[in-house]
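Examination of the molecular architecture
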Amino acid sequence: MTRATAFEILKKHLNNKKLFSHSLATEATMRALAPKFNGDVEEWGITGLLHDADYDKAKGFPDQHGMLLTKLEPNTIPTAVEHAIQSHNYEFTHVIPVSPMDWAITCCDELTAIIVFLAQEQKEKSLTSLTTNLILTKLKDKHFAKGAKRETIYFCKEKLGIPLEDFVAITLTAMQGIHTELGL
């Protein structure tokens, strides 16, 4: 599967502009993480791009989020990408993350959302004003982004061997690299 094909699938199934930007942010993060695990940058990027492609259609059915995409696009999604997408919502799909790619999408999903939220709170509404330390401070603040599942972010150390500070820095740098596309 090419990135162009994945992008068309995303446009076809995801109408929410914020989630579309979130998908781009997650793609950038996955691309940045892939070399650390000798992963295929395109495959990891496509995983990030498509991980929420079925979100609109699964709304109200959390056990279907991550599972519907392969039904919507039969025989299209590569097996490893399919498993990673299904496992990023493991609490509901019961598809357990196994590979580094599975855990990377699981860990960075919530973090990219938190970083976007934090950027939008800034006076400049920009990623450029954010720092790793600010993000780490906000992660500790239970009142900030209350709905975010921080525990999945914290798996970065245990499951990927990347300390939280480094994981946040990688994610922030990747997102800053596409700030124009993100509108931040």
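Refer to the structure printed above.
Reference entry: report on the structure contained in this document. Just so it is clear, the structure is predicted and the values come from calculations on it, not from any experiment.

1. So, the packing of aromatic side chains
Using the criterion set out here, one finds five aromatic pairs in the structure. Aromatic side chains Phe-117 and Phe-144 sit 5.2 Å apart centroid to centroid with 50° between the ring planes, which places their arrangement in the tilted category. In this pair, Phe-117 is assigned in helix α8 (residues 100-121) and Phe-144 in the loop between α9 (132-140) and α10 (150-160), connecting sequence segments 27 residues apart. Connected via pairs of aromatic rings, a cluster forms that spans Tyr-90, Trp-103 and Phe-155.

2. Regarding the pattern of salt bridges
Opposite charge on two side chains permits them to pair, given that their charged atoms come into close proximity. Scanning all chains against the criterion turns up seven salt bridges. For Glu-42, the salt bridge goes to Arg-31, with nearest N and O atoms at 2.9 Å. Taken together, the residues Glu-42 in helix α3 (residues 41-50) and Arg-31 in helix α2 (residues 17-33) connect sequence positions eleven residues apart. Note on Glu-42: relative accessible area 38%, which makes it partly exposed. The class of Arg-31 is partly exposed, set by a relative accessible area of 22%. One connected set of salt bridges, linked through shared partners, spans Arg-3, Glu-27, Arg-31 and Glu-42.

What counts, and at which threshold
- Residues numbered from 1 in each chain as written.
- Predicted model: local features only at pLDDT ≥ 70, side-chain atom pairs only at ≥ 80, totals over all residues.
- Heavy atoms only, no water.
- Phe/Tyr/Trp six-rings, centres within 6.5 Å; stacked < 30°, edge-to-face > 60°.
- Helix = DSSP H or I, 4+ residues; strand = E, 2+ residues; numbered from the N terminus.
- Salt bridge = Lys/Arg side-chain N within 4 Å of Asp/Glu carboxyl O.
- Buried < 20%, exposed > 50% of the residue type's maximum accessible area, 1.4 Å probe, protein only.

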